[in-house]
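In case you want the letters, here they are:
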Amino acid sequence: MLLEVRDLHVEFRTRDGVAKAVNGVSYGVDAGETLAVLGESGSGKSVTAQAVMGILDQPPGRITGGEILFQGRDLLTLKEGERRKVRGAEMAMIFQDALSALNPVLSVGEQLGEMFVVHRGMSRKDARAKAVELMDRVRIPAAVERVGQYPHQFSGGMRQRIMIAMALALEPALIIADEPTTALDVTVQAQVMDLLAELRREYRMGLILITHDLGVVADVADRIAVMYAGRIVESAPVHDIYKAPAHPYTRGLLDSIPRLDQKGRELYAIKGLPPNLMNIPQGCAFHPRCPKARDICRTDVPEVHAVDEDRGSACHFWKECLNG
Ligand SMILES: Nc1ncnc2c1ncn2[C@@H]1O[C@H](COP(=O)(O)OP(=O)(O)OP(=O)(O)O)[C@@H](O)[C@H]1O
Ligand code: SF4
Ligand SMILES: [Mg+2]
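Residues numbered from 1 in each chain as written. Chains lettered and ligands numbered in written order. Predicted model: local features only at pLDDT ≥ 70, side-chain atom pairs only at ≥ 80, totals over all residues. Heavy atoms only, no water.

What follows is about the overall build of the protein chain. When helices and strands are tallied, the protein chain shows 13 helices and 12 strands. Here the C-alpha atoms of the protein chain give a radius of gyration of 21 Å, agreeing with the 20 Å that 2.2 N^0.38 yields for 324 residues. Along the three orthogonal principal directions, the C-alpha set of the protein chain runs to about 70 × 50 × 40 Å. Of the charged side chains in the protein chain, 39 are positive and 42 negative; the average position of the first set lies 2 Å away from that of the second. (Helix = DSSP H or I, 4+ residues; strand = E, 2+ residues; numbered from the N terminus. Rg over C-alpha atoms; globule rule 2.2 N^0.38 Å. Lys, Arg positive; Asp, Glu negative; His and termini not counted. Charge placed at Lys NZ, Arg CZ, Asp CG, Glu CD.)

Below, the structure written as structure tokens:
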């Protein structure tokens, strides 16, 4: 396994109290595999990714337990210097908002080239040639002419391609893309997602794709991990989930996807709101919103049941859910 997160716990200590953002997350990605991480806003998707990348805001954030094994090493035991070498060269992250992730006063060529100057000791001239090559790779038209331009001179979709190019520059083994297309309009979204999927295949990277849009993952992901209140509530190969979810929350997410064949039908929405992370409900955290909740759900935390050898569900009634 390329990356294996085991029983990760992260909390944020704020003036108002302790927010338990990640409460025992375990997930893994193999080389060449795409794991989609889904869940509503605040479920802990980004915080988990930040812990993996080593860019968690600490304080107020604090990793209170778990392991992050990357190519066999536990990243949580590395010194910051070693950690920095892993970041960028061996794993890279793509963010939602390219404009704030890129440096506004450096040309895109300088920013892309910088990766090769700093990490590979290349000359400026060679690094610039590499930058052009990368811009071509991510299909930015007229790369030679545009390499000297600044981020604000590119459209949103093109900026996102530049960020993908930055992430790819050193050919990392793992890329984490955190809502990489959310800020783009729908057609551009599809193009950027296709590009990412294609490059992932070509470079045989592991990819963690964070999104709250179940609609986009069907074509690109191999596996899905669904998060709720800082836990993985269901994890499965993508096709199994679409066929029959084994958790009522996954069912709710699936039923809230707009479908072309059901135009005009009122869209389903999961009732209620995500929980307050300073006061997560007892038992199953989803019980106040779950249409299948019973007494045991209010008292007993469901463990992860093996639905299949490569599939798990944290629901007391996963069998029932699987059967519809
Ligand atoms: N810098 C921070 N300071 C305090 N609390 C934080 C901070 N970052 C995250 N949190 C807490 O962690 C929770 C989970 O945040 P996270 O960013 O992982 O959510 P997410 O699943 O990525 O949601 P979204 O879909 O909105 O991006 C937040 O709801 C918040 O309570
Ligand atoms: S454990 Fe109970 S409340 Fe939680 S998802 Fe399953 S049925 Fe719903
Ligand atoms: Mg997020």
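Back to the write-up after that little detour.
All right, on to the site of ligand 2 then. Neighbouring residues of ligand 2: 13 residues in total, closest Cys284, Cys290, Cys297, Cys315 and His316. For the shell around ligand 2, a count of residues per class yields 9 nonpolar, 3 polar and 1 charged. (Near = heavy atom within 4 Å. Nonpolar A, V, L, I, M, F, W, Y, C, P; charged D, E, K, R; others polar.)

Time to look at the site of ligand 1. Near ligand 1 lie 15 residues; those nearest to it are Ser41, Gly42, Lys45, Ser46 and Val47. Between Gly44 and ligand 1, the recorded distance is 3.0 Å, taken from a backbone N or O atom to an oxygen atom. Between an oxygen atom of ligand 1 and a side-chain N or O atom of Lys45, the distance comes to 2.9 Å. If one sorts the elements of the shell around ligand 1 by residue count, helix α1 (residues 45-53) sits on top with 3 residues. In terms of residue class, the shell around ligand 1 is built from 5 nonpolar, 6 polar and 4 charged. (Polar contact = N/O pair within 3.5 Å; in protein donor to acceptor, adjacent residues only side chain to side chain.)

As a further point, take the UniProt feature "domain: ABC transporter" (unreviewed entry) in the protein chain. The feature "domain: ABC transporter" (unreviewed entry), as annotated in UniProt, sits at residues 5-254 in this numbering. The distance separating the terminal C-alpha atoms of residues 5-254 is 26 Å; by composition the span is 42% helix and 27% strand. (UniProt positions renumbered as here; feature names shortened; annotations may be inferred.)

Quick look at the pairing of strand β9 (residues 223-228) now. Within β9, 6 of the 6 residues are buried, leaving the element largely enclosed by the surrounding structure. Neither face of β9 is exposed, since Arg223, Ala225 and Met227 on one face and Ile224, Val226 and Tyr228 on the opposite face are all buried. Note that strand β3 (residues 34-38) and β9 share 4 bridges and pair parallel. Paired with Val37 across the strands is Ala225, a residue of β9. The pairing of β9 with strand β10 (residues 231-237) spans 6 bridges and is classified as antiparallel. What sits directly across from Tyr228, in β10, is Arg231. (Buried < 20%, exposed > 50% of the residue type's maximum accessible area, 1.4 Å probe, protein only. Pairing = 2+ DSSP bridges.)

With 8 bridges joining them, strand β1 (residues 3-14) and strand β4 (residues 61-70) adopt antiparallel strand pairing. Its bridge partner lying in β4, Phe12 is registered against Gly61. As judged from the 2 bridges shared by β4 and strand β5 (residues 73-74), these two strands associate in the antiparallel manner. Residue pairing across strands places Phe70 opposite Arg73, the latter belonging to β5. From the end of β4 to the start of β5, which pair antiparallel, there are 2 residues, and Gln71 there has a positive phi angle of about 50 degrees.

Now for the sheet that holds strand β11 (residues 305-308). The 8 strands are arranged β6-β7-β8-β3-β9-β10-β12-β11 in an open sheet whose pairing can be described as mixed. Edge positions in the sheet fall to β6 (91-94) and β11, since each has one partner strand and no second. Each neighbouring strand pair of the sheet contributes to a mean axis angle of 25 degrees, computed without reference to strand direction. Helix-sheet contacts for helix α11 (residues 248-255) involve β9 and β10, and the interaxial angle to β9 is about 105 degrees. (Axes fitted to C-alpha atoms, helices over the stretch in contact; angles between N-to-C directions. Contact = heavy atoms within 4.5 Å.)

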